[in-house]
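Fold and contact review
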Amino acid sequence: MKKKFLSILLILVLASSLVGCSGNKKIEGNVLEKSWEDILAEAKGTTVNFYGWGGSQKVNNWIDTYLAKRLKEEYDITLNRVPMNIDDILNKLLGEKQLNSQEGTIDIVWINGENFYTAKENELLFGPFTDKLPNFNKYIDNNSDEVKYDFGFKVDGYEAPYGKAQLVMIYDKNKIDTIPKNYKELLELAKKNPGKLTYPAPPDFTGSAFVRNIIYDIVGYKQFMNMEPDKETVEKAIKPAIDYLKELKPYLWREGKTYPATISQLDNMFSDNEVLMTMSYNPNHAASKIQTGEFPDTTNTFIFDNGTIGNTHFLAIPFNAPNKAGALAVINFILSPEAQASKYDPKNWGDLPVLDNNKLSDSEMSLFTDVKIGKGTLPQQYLLDHRVPEMPANLIPIIEEIWLENIPVEGE
Amino acid sequence: MSRILNTKIKPYILLIPALTILIGIFISGLIMGLVQSFGYFSVIGLKDFTLKYYFEVLTDKDFLQSLRFSFYISLISSVIAVIVGVILAYSILRSRHKKSIEEFIYKLPIIVPHTIAALLVYNLFSQSGVVPRIFYNIGIIDSQSQFPSLVFDRVGIGIIIAYLWKEIPFIAMVVYTILSNINDKLVEVALNLGANNRQVFWHILLPLIMPSIFSSFIIIFAFSFGAFEVPYLLGPTTPKTLPVKAYIEYTNPDLTNRPYTMVINMILTFISVLFVWIYSRTFKLISKYNG
């Protein structure tokens, strides 16, 4: 009796949980067919939910104070920042798609790389929308590879550039006299200071980029741009680099038997003098850490002679964004010289701008030249001259897998 | 008749709101995971049911290593926690004077979350932590890097320390409660008949508290087997414990990897259910013992 009742209850509850999910479907006109004025009018007075990585207090501050304030003034839009890791966002969108939910909760996602690839391949994004944005048409060089491709994958107007970053290595001038100009000199440095260097274990974002940069430094980057995402091919291509990392391993922190799990852990170890070097995908990282007193005043930044990997991060709109007009207005504002210059200021964030300098008027250009770059950072032009493209997104999980199988395992 | 029906059904009706959420989310999530572990994930175009993923995971060297590592950490930490916990409980029982302070202090770690325990261990025992600094400053070691690597180490010492710090008080609390409720007369009779304290402990107290020792052992073993945060924060790059491995697979942006995650989760679920079963068997044993 009891059992029967329970099982009936179970079935009822399960059924209701399935039925309950197919909510009301509101079908509205396609926002992309409207004029820009109509879009702005529709966006007025609404709230835009901005989802993205919330791990940096500086970035959060810039969005909460500068961006949210200016949007309220200009468009009467309320910006609601929701800090969430991108894998959680993707899973949320995926769940909503699975349940065929036409009205989600996310209006804008901060995204790039393999996550964009996954989102676009699985039709989680709305678009193409970038040619609808006045500031995109006015200020962005849409022929540049950094706008057309995201980690080697075609953007096709499904995301708008947000900022640029580049991998840099960070050291203390008082502790290292000559900085390594390439992978060979890095090995020399490690041999001279055993146990004092390391890098975060992939899939940590920065650690993974560092491994790719070593691969580029040893076997070049061109061959990867059109490479098939096939494990054997990749394994063959990166073999010299994997051999190098094996050679480097015994001179690393803890003899390379274990690696810091996150970049923040490596930063802490650098602050604590446990290691001599840290790294960052944000070229202004050293400056902001000097400012907060976490890194010593003598901290400096360097990159390899062959250059380091740079990428662009983007903003996208989910397929089921409830406020697409508002999202378009916000993204358009972020692409204004004013917003980009404020974002570039290391005091605010220090994120590299995405606008095409040739398209800026003199007064717009001066917004950027007036910004004082911080202590311990490299000049803009030097970074741009030593910049190599990111690897196609679908190769990255393969490389991380190969790294994990070869480098930290015991007994070789 | 209707009254009987009423009293029988009433609790279930009252439970419906909670059950809806519990069963709706938990069971449907479990079913979804099970379906995906068989390779059916239609949103991304995987539509065939297959046992391929189970086969691949169960024959994967890396997976077996993780399974072994999880098992090893849980076993070592639980065994030590039980032994030390029982000794602690017994010594609190024996020192009847300052009981109120002791009762308070030993319970403190139980309310502190595991993440904080991990942070404490990191701050104390990492090579830039407090203990190596003290050792260095009083000259026991020449440099901080000479301090043995206790966190992020392959034998999982950091993880085990964090678990012990949390679990010893838990065992002590459970055992102490039982110990203090044991009829004093049993002990007095034994002492009267010429038994010494050790004999009293081994032949009277220990058999009486054995069932609760065993059931609390299973609780902490099952917990540390399925726990994520401590091994994630203090564990080595390889081997990873199973929950950490499942998480890393889950966050892989390549969605065709998802079935592997779900296979790992299903195996974790299976092992947990096994523990629940053993746990309920123990209780049957206890009631038999008491009755």
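Scroll up for the structure.
Observations concerning the overall build of chain A
In terms of regular secondary structure, chain A is built from 18 helices and 11 strands. Viewed in the frame of its principal axes, chain A has a C-alpha envelope of about 75 × 65 × 40 Å. Of all 412 residues assigned to chain A, the portion counted as buried reaches 55%. Taking as baseline every contact in chain A between residues at least 6 positions apart, the subset at least 24 positions apart corresponds to 81%. Surface accessibility of chain A: about 17,900 Å² in total, with carbon and sulfur atoms responsible for 50%. Each charge class in chain A can be summarised by its mean position, and for the 44 positive and 57 negative side chains these summaries are 3 Å apart.

Some words on the nonpolar core
Counting 142 residues, the largest nonpolar core has Tyr199, Phe224 and Leu245 of chain A together with Leu234 of chain B as the members making the most contacts within it. At 12 residues, helix α10 (residues 197–226) of chain B tops the list of elements feeding residues into this core. Non-local contacts of Leu245 of chain A, meaning those with residues more than four positions away in its chain, are made with Tyr199, Val211, Ile214, Trp403 and Ile407 of chain A. Among the nonpolar cores identified, the runner-up in size contains 50 residues, and Tyr66, Leu133, Ile334 and Val371 of chain A belong to it.

Structural notes on empty space enclosed by the protein
Evaluation of the coordinates by the stated rule reveals five cavities of 30 Å³ or more. Approximately 60 Å³ is the volume found for the largest cavity. Taken together, Asp87, Leu90, Asn91 and Asn115 of chain A together with Tyr250, Thr251, Asn252, Pro253, Leu255 and Arg258 of chain B form the lining of the largest cavity. Considering every element that reaches the lining of the largest cavity, the biggest residue donor is helix α4 (residues 86–98) of chain A, with three residues.

Describing the side chain of Lys120 of chain A
All names here are of chain A. Structurally, the position occupied by Lys120 is in helix α5 (residues 114–121). A polar side-chain atom of Lys120 sits 3.4 Å from the main-chain carbonyl oxygen of Lys154. Setting aside chain neighbours within four positions, we find Lys120 in contact with Leu125, Phe153, Lys154, Val155, Asp156 and Tyr158.

Quick word on the interface of chain A and chain B
With 35 residues of chain A at the interface, the matching set in chain B holds 37 residues. When chain A packs against chain B, the two sides together hide about 3,200 Å² of surface, and 63% of this comes from carbon and sulfur. Counting the contacts that link chain A with chain B gives one salt bridge. A salt bridge links Arg133 of chain B to Asp272 of chain A; its shortest N-O distance comes to 3.6 Å. Applying the counting criterion to the chain A and chain B interface returns nine residue pairs in polar contact (both at pLDDT 80 or more). Counting only elements with at least two residues in the side of chain A that touches chain B, the list comes to α1 (2–19), α4, α5 and α18 (396–406) of chain A. With eight residues, the single largest contributor to the side of chain A that touches chain B is α1 of chain A. For the side of chain A that touches chain B, the per-class residue count stands at 17 nonpolar, nine polar and nine charged.

Basis of the calculations
- Residues numbered from 1 in each chain as written.
- Chains lettered and ligands numbered in written order.
- Predicted model: local features only at pLDDT ≥ 70, side-chain atom pairs only at ≥ 80, totals over all residues.
- Heavy atoms only, no water.
- Helix = DSSP H or I, 4+ residues; strand = E, 2+ residues; numbered from the N terminus.
- Buried < 20%, exposed > 50% of the residue type's maximum accessible area, 1.4 Å probe, protein only.
- Contact = heavy atoms within 4.5 Å.
- Areas by Shrake-Rupley, 256 points an atom, 1.4 Å probe, with all protein chains shown as cover.
- Lys, Arg positive; Asp, Glu negative; His and termini not counted.
- Charge placed at Lys NZ, Arg CZ, Asp CG, Glu CD.
- Core = buried A, V, L, I, M, F, W, Y, C linked by side-chain atoms within 4.5 Å.
- 1 Å grid on protein atoms, 1.4 Å probe; cavity = no way out; pocket = protein on both sides within 12 Å on 5 of 7 lines; lining within 4 Å.
- Points joined across faces, edges and corners; volume = space filled by probe spheres on them.
- Polar contact = N/O pair within 3.5 Å; in protein donor to acceptor, adjacent residues only side chain to side chain.
- Buried area = accessible area lost by both parts, 1.4 Å probe.
- Salt bridge = Lys/Arg side-chain N within 4 Å of Asp/Glu carboxyl O.
- Nonpolar A, V, L, I, M, F, W, Y, C, P; charged D, E, K, R; others polar.

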